[in-house]
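# Structural overview for review
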Amino acid sequence: MACISVQCLLLLPTLAILLSVFTSVESSIHIYNRDPFREVGNAYLVSGGSEGVASSRFIPPPRRPFRSKAHDGLSYIRFENITFWRSKAAADQHPTMAYNSGLVQIIIFEAADRDNIGGSPYGGQRSICCTADLAKLEGCKQGEVIRTPSVTDANWPMVLNVNFKGRQLSVQLKKKEVYIKKTGMYNLFFISCDPKLKGMKVSGRTVWKNPDGYLPGRMSPLMKFYAIMTVAYILLTAIWCLQYVRHRQDVLPLQYCITGVIALGLLEMIFWYFDYAYFNNTGARPVGLTSWVVTIGATRRTVSRLLILSISMGYGVVRPTLGGLTTKVLLLGITYFVASILLDITEYVGTINDIAGRARIMLVLPDALLDAFLILWIFTSLSKTLEQLQAKRSSVKLDIYRQFSNALAITVIASVAWIGYEGFPQPAKLKSSSPFLQVYFKTTDPFNERWQGGWIITAFWDILAFGLLCVICNLWAPSQTSQRYAYSDARGEDEDEETESLCKETPQGDIGLIKMDRKESSDSSDVEDDTQEGKRE
């Protein structure tokens, strides 16, 4: 199996930094570039974004001057240069001096208050805009969005009105900040109930900010998590390199591959931290850096899986090479890399809103199927390797492989249990529990109401991968007896292992005695041969 070269690993940070300087995309700063309104029921709307936002540490006075400082303890949604454009045909339908010739409404609501938007006349299909029947039943104003005040705050859901005047082709909302007083998943929509405004477009941008920066609420804990994981990988790298340098004369090809996986993991954690830190400080996500980090991550996962598969097949222990299986292993690795990087690029590069359920399933499914196939192949190969080691009575290697198989079994059981827990519906009585009890798969939480615990889904898999890597490093660490892992002929293998075991456990003087005993036995045999020859003469 081909391993990652050190030169390529050293080039990756430089290339990523250069790309991130020249290329960036606005993420927490949502951009609208003449986005068209689409018809939904009896309304025309554009989705302006959806993010988890924590409450402000304090609320400024109403006439507070505008601030540009990012970290000021405030949470808000700021509207900048929001402009609505309508067609000339729509504008010509109104008098030149008309005060209100078209209404556009900006709706901001928390996911928990989603039912406070819209209504249903006589229990029929739910409508966003107020109709004549709903005006009589619910007292709403015909031609406007139906809004029911929240139980906790009568000012929410928040509604901002923008009116066209006369025959204006465009109208602009003044710069405005809406402060967030309550932690939640907030949604923003631009809505019009006027059929004459069909085909309208919106441009401008909105800036979403949390108390500690521009990172969306569900991403904020990941920055601290990757800082901790970076420290963990640095410690593992230091310990591994120390052993590597001390016993560099006995390093095996298998240990070269382990070194590559450690290096990729360290780079991935460092790049993820800088990606989130840059995003948090500027509100913009660098496409270059994010592209490189997902590429490194996909490479690390691919190489890790191929390494585990190769170890399970007995590479470097039972067989010197993978033989005819090399092509199949590499083909599987390439396929897995492509599926993994497509999912990661779609999910992370230049995006901030969650991928829709169906779109995500289409990308996750190939990756999950390949993982299932890899697990099956790994355990099938591992079973054959254990049988071969038992047949050869290689006690030292057999013990290592049994520990390895136990670690793999625990990893798979933990993975299956976690996936099952993510997808298991949460009882109502646990809804106010800790974030650890609020995590389950996105398909069971379409409105992202458990966004505060969503980061744990990502963190779990990184922690699990790091734990398994530590087990592999412990079992196949470079040492003066590393050659006991290496492939050797079945003939005389047990004797070699016993000798190596003695050399490892006895002091230097005892090794000399062993050698002396062998020499004395050799000399005695020579004397016996000379005596026999003398007798024959």
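Our subject is the structure that appears above.
Every value quoted in this text rests on a predicted model; they were computed, and no experiment measured them. (Residues numbered from 1 in each chain as written. Predicted model: local features only at pLDDT ≥ 70, side-chain atom pairs only at ≥ 80, totals over all residues. Heavy atoms only, no water.)

### Concerning the packing of aromatic side chains
As a reminder of what qualifies: Stacked, tilted and edge-to-face are the three classes applied to pairs of Phe, Tyr and Trp rings, where Trp contributes its six-membered ring and a pair requires centres within 6.5 Å; stacked means planes under 30 degrees apart, edge-to-face means over 60, and tilted covers the rest. Only protein chains enter the accessibility calculation, which uses a 1.4 Å probe. A residue is then buried if its area is under 20% of the maximum for its type, exposed if over 50%, and partly exposed in between.
The full count for this structure, using the stated rule, is 20 aromatic pairs. Consider the rings of Tyr273 and Phe274, whose centres lie 5.7 Å apart with planes at 70 degrees: the pair is edge-to-face. When its relative accessible area of 30% is taken as the criterion, Tyr273 is described as partly exposed. The exposure class assigned to Phe274 is partly exposed, which follows from its relative accessible area of 47%. Among the aromatic residues, those joined into a cluster by ring pairs are Phe225, Tyr226, Trp272, Tyr276 and Trp455.

### Regarding the sheet that holds strand S7 (residues 158-164)
This is how the line gets drawn: In short, DSSP must find at least two bridges between two strands for them to pair. In this description a helix means any DSSP run of H or I spanning at least four residues, a strand means any run of E spanning at least two, and both kinds are numbered starting from the N terminus. Axis lines are fitted through C-alpha atoms, for helices just across the contact stretch, and the angle between N-to-C directions can take any value from 0 to 180 degrees.
Read from one edge to the other, the open sheet built from five strands follows the order S3-S4-S10-S6-S7, with strand pairing classed as antiparallel. Lying at the two open borders of the sheet, with one neighbouring strand each, are strand S3 (38-40) and S7. Averaged over all adjacent pairs, the angle separating strand axes in this sheet is 35 degrees, with direction ignored. Bridge count between strand S6 (residues 102-110) and S7: seven bridges; the pairing is antiparallel.

### What to know about helix H4 (residues 220-246)
Worth spelling out the cut-off: Given the number of residues in a helix, its expected span is that number minus one, multiplied by 1.5 Å. Contacts: residue pairs with any heavy atoms within 4.5 Å of one another.
Its 27 residues place the ends of H4 40 Å apart at the C-alpha level, agreeing with the 39 Å of an ideal helix rising 1.5 Å per residue. Residues of H4 that are buried include every one of Leu222, Met223, Phe225, Tyr226, Met229, Thr230, Ala232, Tyr233, Leu236, Thr237 and Trp240, and no others. On its buried side, H4 packs onto helix H5 (253-282) and helix H10 (455-475).

### Here's the deal with the state of the cysteines
Rules: Working definition: a disulfide is two cysteine sulfur atoms within 2.5 Å of each other.
In this structure the tally under the stated criterion is two disulfides. What pairs with Cys129 in a disulfide is Cys193, and their sulfur atoms sit 1.9 Å apart. Between Cys129 and Cys193, the disulfide has an S-S torsion of -85 degrees and is therefore left-handed. Remark: Cys193 occurs in the loop between strand S10 (184-192) and strand S11 (201-209) and Cys129 occurs in the loop between S6 and helix H3 (132-138); sequence separation between them is 64 residues. The class of Cys129 is buried, set by a relative accessible area of 2%. In this model Cys130 forms its disulfide with Cys140; the gap between the sulfur atoms is 1.9 Å. Because the torsion about its S-S bond is 70 degrees, the bridge between Cys130 and Cys140 counts as right-handed. With Cys130 in the loop between S6 and H3 and Cys140 in the loop between H3 and S7, the pair connects residues that are 10 residues apart, well separated along the chain.

### Focus: a nonpolar patch on the surface
Stated formally: The patches described consist of residues with a relative accessible area above 30% and no salt bridge, like charges being joined within 9 Å and nonpolar side chains (Val, Leu, Ile, Met, Phe, Trp, Tyr) within 5 Å. Per-residue and other accessible areas were derived by the Shrake-Rupley procedure at a 1.4 Å probe size, with only the shown protein chains allowed to occlude residues. Throughout this description, the term salt bridge denotes a Lys or Arg side-chain nitrogen within 4 Å of a carboxyl oxygen of Asp or Glu.
On the surface, Ile334, Val338 and Leu342 cluster together into a nonpolar patch covering about 270 Å² of accessible area. Within the fold, Ile334 resides in helix H7 (residues 326-348).

### Some details on the packing of helix H6 (residues 287-312) against H10
Quick note on the threshold: Relative orientations are named as follows: roughly parallel for angles under 35 degrees, roughly antiparallel for angles over 145 degrees, roughly perpendicular for angles from 65 to 115 degrees, and oblique for any other angle. Left-handed describes a crossing whose near helix is turned anticlockwise from the far helix through less than a right angle; right-handed describes the clockwise counterpart. Classes in brief: Ala, Val, Leu, Ile, Met, Phe, Trp, Tyr, Cys and Pro nonpolar; Asp, Glu, Lys and Arg charged; the others, Gly included, polar.
The interhelical angle for the contact between H6 and H10, taken along N-to-C directions, is 40 degrees, at an axis separation of 12 Å. It follows that H6 is oblique to H10 by the angle criterion. Handedness of the H6/H10 crossing: left-handed. Taken together, the residues of H10 that come into contact with H6 (itself represented by Arg300, Ile308 and Ile311) are Asp462, Ala465, Leu468 and Ile472. Grouping the constituent residues of the contact of H6 with H10 by class yields five nonpolar, no polar and two charged.

### Focus on the environment of Phe271
Positionally, Phe271 belongs in helix H5. Linking Phe271 and Val293, residues 22 residues apart in sequence, is a C-alpha distance of 5.8 Å.

### Regarding the pattern of salt bridges
Between side chains of opposite charge, a pair can form as their charged atoms come close. With the rule as written, the count across this model stands at 10 salt bridges. One salt bridge connects Arg78 with Glu177, and the closest N-O pair in it is separated by 3.3 Å. Of this pair, Arg78 sits in strand S5 (residues 76-85) while Glu177 is found in strand S9 (residues 176-179), placing the two residues 99 residues apart along the sequence. Here Arg78 and Glu177 have matching classes, each one buried. Measuring nitrogen to oxygen at the nearest pair gives 2.8 Å for the salt bridge that ties Glu268 to Arg300.

### What to know about unusual backbone geometry
Cis geometry is adopted by the peptide bond preceding Pro157, which originates at Trp156 and carries an omega value of -5 degrees. Residue placement: Pro157 occurs in the loop between H3 and S7. A positive phi angle, close to 55 degrees, is found at Arg34, a residue other than glycine. Tracing the chain through its elements places Arg34 in strand S2 (residues 29-36).

### Considering H5
Side chains of residues three or four places apart in an α-helix project in the same direction, reflecting 3.6 residues per turn. Between the first and last C-alpha of H5 there are 44 Å, a value that for 30 residues agrees with the 44 Å anticipated at 1.5 Å per step. Note on H5: the residue one or two positions beyond its end, Gly283, has a positive phi of about 80 degrees.

### With respect to the nonpolar core
Burial of nonpolar side chains together is a common tendency in soluble globular proteins. Inclusion rule: As used in this record, nonpolar core signifies buried Ala, Val, Leu, Ile, Met, Phe, Trp, Tyr and Cys residues forming a set joined through side-chain atoms within 4.5 Å.
Judged by nonpolar contacts, the single largest core of 66 residues is most densely connected at Ile258, Tyr276, Leu309, Ile311, Phe404, Ile472 and Trp476. Counting only elements with at least two residues in this core, the list comes to H4, H5, H6, H7, helix H8 (357-392), helix H9 (395-423) and H10. Among the elements that make up this core, the one with the highest residue count is H5 (14 residues). Once you skip the residues sitting within four places of it in the chain, Ile258 turns out to touch Trp240, Leu307, Ile472, Cys473 and Trp476. One finds Phe84, Val104, Leu160 and Leu197 within the second-largest nonpolar core, a separate group that totals 28 residues.

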